[in-house]
Each structure stands twice: as C-alpha cells, then as structure tokens.
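Read off the chains here:
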Amino acid sequence: MKSQLTTLCYLQTEDSYLLMHRIVKKNDINHNKWIGVGGHFEAGESPEECLLREVKEETGLTLTKYDFRGIVTFVSDDDPAEYMCLYTAEEWTGDIKECDEGKLEWIKKNDFINLEHWEGDLIFLKLMEENHPFFSLKLVYKNGKLVETILDGKKI
C-alpha cells in the first residue's frame, strides 16, 4: 500500500512555476490536472529525502535551495487522508528531462487559474505567494468538489 505521506514542490522563478500536466499515467487521480512535482514517501524517508528524490526522478533537476512551506491534509470521500509536505524551490542544478507521469512546462503564475487543477491548489498557492508563515491547511473534497477548508485550525 502506498504511503499516505507525500511531498509536492513548486519550482519557481519570479513569474512562473514548473508544473506537470498529468496526462500519461493510467488510473491517475490527478489525470489532466496541472500540479507541482512530488510523490509518495518511500520506507524510512524524511520529507526532505522524499522531496529531493521525487524532484530528481520527475524533472532531472537537483534542488539546491528549497523551503518547507506547510502541511496540507487532503480528505476525499472515503479514502484515507493524505498528508502532503508542501515546498517551493528557487535554485537547482541540471537540465529538465522528460517525465513518464506527465508533461513538464513552465507556466506563468497568473495563468495557473485558467488551467485544470484542484480547487484547493489556488488556496495554498495564494498563501505561498503572500509569504504566509508555515501553515496547516485541511482540504475536504466530496466527489472531486472542495466542500471544506480549514487553515491553521480555523474554517475559512
């Protein structure tokens, strides 16, 4: 069984994010959505080890400067909750390679809203853009629709 612990990273420049258009994997809960890069923890990994491994596997890049921005708890229907460690990265080495999970593309931050994505992603991206201190965000989905949002223990 896959770990309920995951990482997600938004590699960013001043005006863009490196996003993955999830169009390749079969039976992908994120199919057709645009998301950051990351994935499930492997046995014994710390959040940083998972982050660095997943970014390297999916992009070919090695992060050299990154920030742990928050924890996102996803609750979706009757599935077990997923706990996602959310990061941004500003510096890396290497060259972007093709990924077997989707198509990587630099997208202007202002254009993200026009792409297919999870509704809650707009909330945590806004928190990160506003340099909100480390946060805990709970997103509750029913049938793919965001029905409840709790930030640092308070409903919003």
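Check the entry above for the structure.
The rules we used
Residues numbered from 1 in each chain as written. Predicted model: local features only at pLDDT ≥ 70, side-chain atom pairs only at ≥ 80, totals over all residues. Heavy atoms only, no water. Helix = DSSP H or I, 4+ residues; strand = E, 2+ residues; numbered from the N terminus. Rg over C-alpha atoms; globule rule 2.2 N^0.38 Å. Buried < 20%, exposed > 50% of the residue type's maximum accessible area, 1.4 Å probe, protein only. Contact = heavy atoms within 4.5 Å. Areas by Shrake-Rupley, 256 points an atom, 1.4 Å probe, with all protein chains shown as cover. Lys, Arg positive; Asp, Glu negative; His and termini not counted. Charge placed at Lys NZ, Arg CZ, Asp CG, Glu CD. 1 Å grid on protein atoms, 1.4 Å probe; cavity = no way out; pocket = protein on both sides within 12 Å on 5 of 7 lines; lining within 4 Å. Points joined across faces, edges and corners; volume = space filled by probe spheres on them. Nonpolar A, V, L, I, M, F, W, Y, C, P; charged D, E, K, R; others polar. Core = buried A, V, L, I, M, F, W, Y, C linked by side-chain atoms within 4.5 Å. Pairing = 2+ DSSP bridges. Salt bridge = Lys/Arg side-chain N within 4 Å of Asp/Glu carboxyl O. Expected span 1.5 Å × (residues − 1).

**So, the overall build of the protein chain**
Alright, step 1. Broken down by element type, the protein chain carries two helices and 10 strands.
Alright, step 2. Element order for the protein chain, N to C, with α for helix and β for strand: β-β-β-β-α-β-β-β-α-β-β-β.
Alright, step 3. For 156 residues, the compact-globule estimate of 2.2 N^0.38 gives 15 Å, and the protein chain sits close to it at 15 Å.
Alright, step 4. Residue burial in the protein chain is summarised as follows: out of 156 residues, 46% are buried.
Alright, step 5. Within the protein chain, counting contacts between residues at least 6 apart in sequence, those at least 24 apart form 63% of the total.
Alright, step 6. Carbon together with sulfur atoms contributes 51% to the accessible area of the protein chain, which is approximately 8500 Å² in total.
Alright, step 7. For the protein chain, the distance from the average site of its 19 positive side-chain charges to the average site of its 30 negative ones is 3 Å.

**A word on the layout of surface pockets**
Alright, step 1. Volume-wise, the largest pocket comes out at about 900 Å³.
Alright, step 2. Looking at the lining of the largest pocket element by element, the count peaks at four residues for strand 4 (residues 37-40).
Alright, step 3. For the lining of the largest pocket, the per-class residue count stands at 12 nonpolar, 11 polar and 13 charged.

**Topic: the nonpolar core**
Alright, step 1. Counting residues in hydrophobic clusters, the biggest one holds 23 residues, and the most contacted among them are Tyr10, Val72, Leu86, Phe124, Phe135 and Leu139.
Alright, step 2. For Tyr10, the contacting residues outside a window of four places in its chain are Tyr17, Leu19, Ile35, Gly36, Leu86, Tyr87, Thr88, Ala89, Asp121, Phe124, Leu125 and Met128.
Alright, step 3. Judged by nonpolar contacts, the second largest core, of 16 residues, contains Leu18, Met20, Leu63 and Leu104.

**A word on the pairing of strand 8 (residues 135-142)**
Alright, step 1. Note: strand 5 (residues 62-76) against strand 8, seven bridges, orientation parallel. Across the sheet, residue Gly70 finds its bridge partner in strand 8, namely Phe135.
Alright, step 2. The pairing of strand 8 with strand 9 (residues 145-151) spans six bridges and is classified as antiparallel. Each bridged residue has a counterpart across the sheet, and for Leu139 the counterpart in strand 9 is Thr149.

**Observations regarding the pattern of salt bridges**
Side-chain pairs of opposite charge can arise whenever the charged atoms involved come near each other.
Alright, step 1. Inspection of every chain in the model, using the stated rule, returns 12 salt bridges.
Alright, step 2. Residue Glu116 is joined to Lys33 by a salt bridge in which the shortest nitrogen-to-oxygen separation is 3.9 Å. Residue Glu116 is found in the loop between strand 7 (103-108) and helix 2 (119-129), and its partner Lys33 is found in the loop between strand 2 (16-21) and strand 3 (34-35); the two are separated by 83 residues along the sequence.
Alright, step 3. Residues participating in the shared-partner salt-bridge network are Glu42, Glu45, Arg53, Glu54 and Glu57.

**Let's talk about helix 1 (residues 47-59)**
Alright, step 1. Taking 1.5 Å of rise per residue, 13 residues should cover 18 Å, and helix 1 covers 18 Å from first to last C-alpha, within 8% of that figure.
Alright, step 2. Among the residues of helix 1, Cys50, Leu51, Arg53, Glu54, Val55, Glu58 and Thr59 are the ones counted as buried.
Alright, step 3. Just downstream of helix 1 lies Gly60, where phi reads positive at about 85°.

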